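Remarks on the overall topology
Residues per chain, in single letters:
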Amino acid sequence: MPKPTKTALKKGKEAAPGKGIGSSASNPAIAEPPQWPAFKGLLPPELLQLETTLDHQIVTIPRFFTSSLCNTYIQFLSSLPLTTTPSKPKRGEAVRVNDRFQVQDPAFAKRLWLETGLKELLEREESRQQLWNQEELDASVKAWGLNPNIRIYRYTKGQFFDKHYDDSNTLMLGSPPSPHRTIYTLLLYLTGPADGVVGGETAFYRTEPYIPLSKKELKDLAASGEPHVIEVQPEKGMALLHRHGDECLLHEGKEVMAGVKWIIRSDVVLEC
Ligand SMILES: O=C(O)CCC(=O)C(=O)O
Ligand SMILES: [Fe+2]
């Protein structure tokens, strides 16, 4: 198979849920929520911890899923009808070359929020300081749950997700339904170097004005002549949260050079 080429489109947006590739009414992949495996053998929530990569922007949760739970999920996800995204995106959308499955599944989003300890972890005072800026802390911002729009990505050798920003979406959630907005992208990596994955880093470009660089950082940046890149290596079972919407950093899923990178994607949601 020819290797997909990266095109000139550099600052696309991800396809909007319900409008994107793999989400048309004719696509059987979105019809029925699947029978997701149980979350067996998770670490107790008190052993989970947020690690900050960039204050109020990028945090990770190592060992969010255990290795054996990742393997159970990979086996299960492999049986789903994933569709390969065409390499020609709609205007303004990022070039994304991967295999994908998308489903609206409020019940699974709720389980992923409650049964994994994620809610508990994000509500901890220490985590709140890592996630929310002073203005948000003053306003007592609190995560409400996860976006029911669950996306599964599989990247094999040569596949990637080109540079883009993730939009925030306003969703009617809860009962009775009320407006909520997405604020953090959730990426849960099911594979990593332990599975032979080479490449596939999620890379963030810190050149935007809403993350002011310190004087030293600016000096280093000028000296290096390179944009300031933060690369997160996918790690089996690790979750990553990054701020999206107006404050989203330009980012990409770099090309996978070997192995198979699997991701479960959702978003953290706030009440409006
Ligand atoms: O696969 C990755 O590392 C990035 C995925 C991503 O940017 C997205 O889902 O919007
Ligand atoms: Fe993204």
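Everything discussed here concerns the structure shown above.
Notes on the structure in this doc start here.

The rules we used
Residues numbered from 1 in each chain as written. Chains lettered and ligands numbered in written order. Predicted model: local features only at pLDDT ≥ 70, side-chain atom pairs only at ≥ 80, totals over all residues. Heavy atoms only, no water. Helix = DSSP H or I, 4+ residues; strand = E, 2+ residues; numbered from the N terminus. Buried < 20%, exposed > 50% of the residue type's maximum accessible area, 1.4 Å probe, protein only. Contact = heavy atoms within 4.5 Å. Salt bridge = Lys/Arg side-chain N within 4 Å of Asp/Glu carboxyl O. Pairing = 2+ DSSP bridges. Donors = N, O, S within 2.8 Å, 3.2 Å for Na, K, Ca; no water. Tetrahedral: all angles 85-135°; square planar, octahedral: opposite > 155°, others 65-115°. 1 Å grid on protein atoms, 1.4 Å probe; cavity = no way out; pocket = protein on both sides within 12 Å on 5 of 7 lines; lining within 4 Å. Points joined across faces, edges and corners; volume = space filled by probe spheres on them. Patch = residues over 30% accessible without salt bridge, like charges linked within 9 Å, V, L, I, M, F, W, Y side chains within 5 Å. Areas by Shrake-Rupley, 256 points an atom, 1.4 Å probe, with all protein chains shown as cover. Lys, Arg positive; Asp, Glu negative; His and termini not counted. Charge placed at Lys NZ, Arg CZ, Asp CG, Glu CD.

1. Re the overall build of the protein
Counting its secondary structure elements, the protein contains six helices and 18 strands. With 272 residues in all, the protein has 53% of them scored as buried. In the protein, once contacts between residues fewer than 6 apart in sequence are set aside, the share between residues at least 24 apart is 83%.

2. Looking at the pattern of salt bridges
Summed over the entire model, instances satisfying the criterion amount to eleven salt bridges. Two residues, Arg-243 and Glu-136, come together in a salt bridge whose shortest N-O distance is 2.6 Å. Placement of the pair is Arg-243 in strand E15 (residues 239–243) and Glu-136 in helix H5 (residues 134–138), with a sequence separation of 107 residues. With relative accessibility at 12%, the residue Glu-136 sits in the buried group.

3. Points about the pairing of strand E10 (residues 170–173)
The alternating pattern of E10 places Leu-171 and Leu-173 on a buried face, while none of Thr-170 and Met-172, on the opposite face, is buried. Where E10 and strand E11 (residues 178–189) come together, four bridges link them in antiparallel fashion. Counterpart to Met-172 in the pairing with E11 is Pro-179. The hairpin turn running from E10 into E11, its antiparallel successor, is four residues long, and Gly-174 in that turn takes a positive phi close to 90°.

4. Structural notes on the coordination of the iron ion (ligand 2)
Ideal geometry at a metal gives 109.5 degrees between four tetrahedral donors and either 90 or 180 degrees between six octahedral ones. Those donors, His-164 (NE2), Asp-166 (OD), Asp-166 (OD) and His-251 (NE2), are the protein atoms that reach the iron ion (ligand 2), and they lie 2.1 to 2.8 Å from it. Because the angles between the six donor atoms bound to the iron ion (ligand 2) fall within 51 to 172°, the donor set is best described as irregular. In the primary sequence, the donor residues of the iron ion (ligand 2) line up as H-x1-D-x84-H. Taken as a pair, His-164 in strand E9 (residues 160–165) and His-251 in strand E16 (residues 250–253) lie far apart in primary sequence, 87 residues in all.

5. What about the layout of surface pockets?
Within this model, the second largest pocket holds a volume of roughly 220 Å³. Every residue along the wall of the second largest pocket is listed here: Pro-106, Ala-109, Lys-110, Trp-113, Leu-114, Trp-144, Gly-145, Leu-146, Pro-148, Leu-173 and Gly-174. Those elements giving two or more residues to the lining of the second largest pocket turn out to be helix H2 (106–114) and strand E7 (143–146). Element by element, the count of residues in the lining of the second largest pocket is highest for H2, at five residues.

6. Some details on a negative patch on the surface
On the surface, Glu-135, Asp-138, Asp-246 and Glu-247 cluster together into a negatively charged patch. Among the structural elements, Glu-247 can be located in the loop between E15 and E16. Using a relative accessible area of 30% as the deciding quantity, one classes Glu-247 as partly exposed.

Interpretation note: all reported values are geometric properties and have no functional meaning in isolation.
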